[in-house]
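Understanding the architecture of this molecule
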Amino acid sequence: MPRVFSGIQPTGSLHLGNLLGAVRNWVHEQDQADSFYCVVDLHALTVPAAPGAVGSQTLELATTLLACGLDPARCTLFVQSHVPQHTSLGWILQCTTGFGELRRMTQFKEKSLGQDSVSAGLFTYPALQAADILLYDTDSVPVGEDQRQHIELTRDVAERFNSRYGETFVIPQAAVPTAGARVMDLQEPDRKMSKSSSTDAGIVGLDDPPESVVKKFKRAVTDSLGEVRYDPDAQPGVSNLLSILGAATNRAPESVAAEYTMYGPLKSDAGEAVVELLRPIQSQLAEFRSDPAAVAVALRTGADKAESVAAEVLERAERHIGLLPRR
Ligand code: TYM
């Protein structure tokens, strides 16, 4: 069975972009691959957070992932800080990654732009991400479009390590979905939907009530061209609605476009389709929230399983480097 690994940060609530770009595919992969999914709490420390916030957001995110359909009997769901091999290999890979490579990372440029102070961790973040992936002998990494660059870097770093120290890491591939890989903000359709967006009206949260989802789609920014075509450059708002409706109903955005001539019906159908997509998740969310002990048990079991794989791969990497063994 191929090995799949992916991760998500516990910073703010899950949104429609996370679901369509990544989590939906994780749920699908559970039955196709030996899948490992990680709540990357250490990555969340790269930007300032109030004491206690990361822990409670980690539990909330894990709860939401279970509600989305990740099943601990069919995949390994765990928290990054519970498996200490991530930071050990992270350091080794910081020493295998070039300063210039990290400086080119788009996510770093976006997140550091206009900030008074930027942590060193935000800069070296992709080396820790590479460790996450390489620790599991991962073949495939299901992610949204915005993570493609980090997976390319992971491949480069793994190849460099292998050629320096001998065959150690499996070289992973990004698996980016054909639909929903880049969901845009409903109010600013030239920016991706993001937990850090400036207005709540542009983001659809997975726990948004149906009336709020419908309202957000009704108010979605379009344009004044008055035609429905899938053309993300010329019509970003309309194209985003077509992509979302297409992804939610498993159709190509171009074929969805052929069914509409006016923006109003497109907006209301996209809103309704998303409400239907979220309905089962929201009902499961209420159940999992009422049983945090079950979530904690799932995470503990997941960490034990993840650690047994990660320990072996870290030991292999350290042996190939030639660090002095402890015994
Ligand atoms: P994060 O937490 O920002 O996002 C989690 C996943 O959601 C996808 N995504 C989107 N997809 C489509 N449209 C959007 N608007 C959108 N916004 C987010 C992301 O592409 C991602 O797949 N660096 C990673 C976390 C990470 C990771 C890893 C991922 C750490 N280690 C190892 C894969 C493998 C991040 O910040 O994702």
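Residues numbered from 1 in each chain as written. Predicted model: local features only at pLDDT ≥ 70, side-chain atom pairs only at ≥ 80, totals over all residues. Heavy atoms only, no water.

The phi dihedral of Asp137 falls on the positive side, at around 50°, and the residue is not glycine. Position of Asp137 among the secondary structure elements: in the loop between helix 7 (120–134) and strand 4 (140–142). The phi angle at Asn250 is positive, at roughly 55°, despite the residue not being glycine. Relative to the elements of secondary structure, Asn250 occurs in the loop between helix 10 (236–248) and helix 11 (253–257). (Helix = DSSP H or I, 4+ residues; strand = E, 2+ residues; numbered from the N terminus.)

Here the focus is the environment of Asp116. In this fold, Asp116 is placed in the loop between helix 6 (106–112) and helix 7. Under the relative-accessibility criterion, Asp116 is labelled exposed at 83%. It is 35 Å that separates the C-alpha atoms of Asp116 and Ser212, two residues lying 96 residues apart in sequence. (Buried < 20%, exposed > 50% of the residue type's maximum accessible area, 1.4 Å probe, protein only.)

Turning our attention to helix 4 (residues 85–94). Within helix 4, the full set of buried residues consists of Gln85, His86, Leu89, Gly90, Ile92 and Leu93. Looking down the long axis of helix 4, one finds its buried residues gathered within 165° of arc, a one-sided arrangement. Close packing links the buried residues of helix 4 with strand 1 (3–8), strand 2 (34–39), strand 3 (76–79), helix 7, helix 8 (148–165) and helix 13 (292–321). (Arc of directions from axis to C-beta. Contact = heavy atoms within 4.5 Å.)

This part covers the site of the ligand. Surveying the vicinity of the ligand reveals 29 residues, the closest of which are Tyr125, Asp132, Asp146, Val183 and Met193. One nitrogen or oxygen atom from the main chain of Gly144 is found 2.9 Å from an oxygen atom belonging to the ligand. Calculation on the ligand without its partners gives an accessible area of 710 Å², and the protein chains cover 96% of this total. Those elements giving two or more residues to the shell around the ligand turn out to be strand 1, helix 1 (16–29) and helix 7. Classifying every residue of the shell around the ligand gives eleven nonpolar, 13 polar and five charged. (Near = heavy atom within 4 Å. Polar contact = N/O pair within 3.5 Å; in protein donor to acceptor, adjacent residues only side chain to side chain. Areas by Shrake-Rupley, 256 points an atom, 1.4 Å probe, with all protein chains shown as cover. Nonpolar A, V, L, I, M, F, W, Y, C, P; charged D, E, K, R; others polar.)

Now for the nonpolar core. Side chains of a nonpolar character, in soluble globular proteins, are inclined to be buried together. Of all hydrophobic cores here, the largest spans 54 residues; its most connected members are Leu16, Leu65, Val204 and Phe217. By residue number, the principal contributor to this core is helix 12 (residues 263–289), which donates ten residues. Counting 36 residues, the second-largest nonpolar core is a separate cluster that includes Leu93, Leu102, Ala158 and Val313. (Core = buried A, V, L, I, M, F, W, Y, C linked by side-chain atoms within 4.5 Å.)

When charged atoms on two side chains of opposite charge get close, those side chains can pair. Enumeration over the complete set of coordinates arrives at 16 salt bridges. For Arg289, the salt bridge identified is with Glu60, shortest N-O distance 2.5 Å. Taken together, the residues span a long stretch of sequence, with Arg289 in helix 12 and Glu60 in helix 3 (residues 53–68) at a distance of 229 residues. It is possible to trace a salt-bridge network through shared partners that takes in Asp31, Asp71 and Arg74. (Salt bridge = Lys/Arg side-chain N within 4 Å of Asp/Glu carboxyl O.)

Attention shifts here to the environment of Leu128. Within the element layout of this structure, Leu128 appears in helix 7. Taking the C-alpha atoms as reference, Leu128 lies 16 Å from Val170; in sequence the two are 42 residues apart. The contacts of Leu128, once residues within four sequence positions are left out, are Leu42, His43, Gln80, His86, Thr87 and Gly90.

Domain annotation of the chain identifies domain 1 (3–180 + 291–321) and domain 2 (210–287). Centre-to-centre separation of domain 1 and domain 2, based on C-alpha positions: 30 Å. Each side of the interface is counted separately: domain 1 has eleven residues, and domain 2 has twelve residues. Interface area, domain 1 with domain 2, both sides summed: about 910 Å², of which 76% is carbon and sulfur. By the criterion of area lost to domain 2, the three top residues of domain 1 are Leu16, Arg24 and Ala67, representing 46% of everything that side buries. On the surface where domain 1 and domain 2 come into contact, there are zero salt bridges. At the boundary of domain 1 with domain 2, the tally comes to one residue pair in polar contact (both at pLDDT 80 or more). Across the side of domain 1 that touches domain 2, the residue classes tally to six nonpolar, three polar and two charged. (Domains from an automatic or database assignment. Buried area = accessible area lost by both parts, 1.4 Å probe.)

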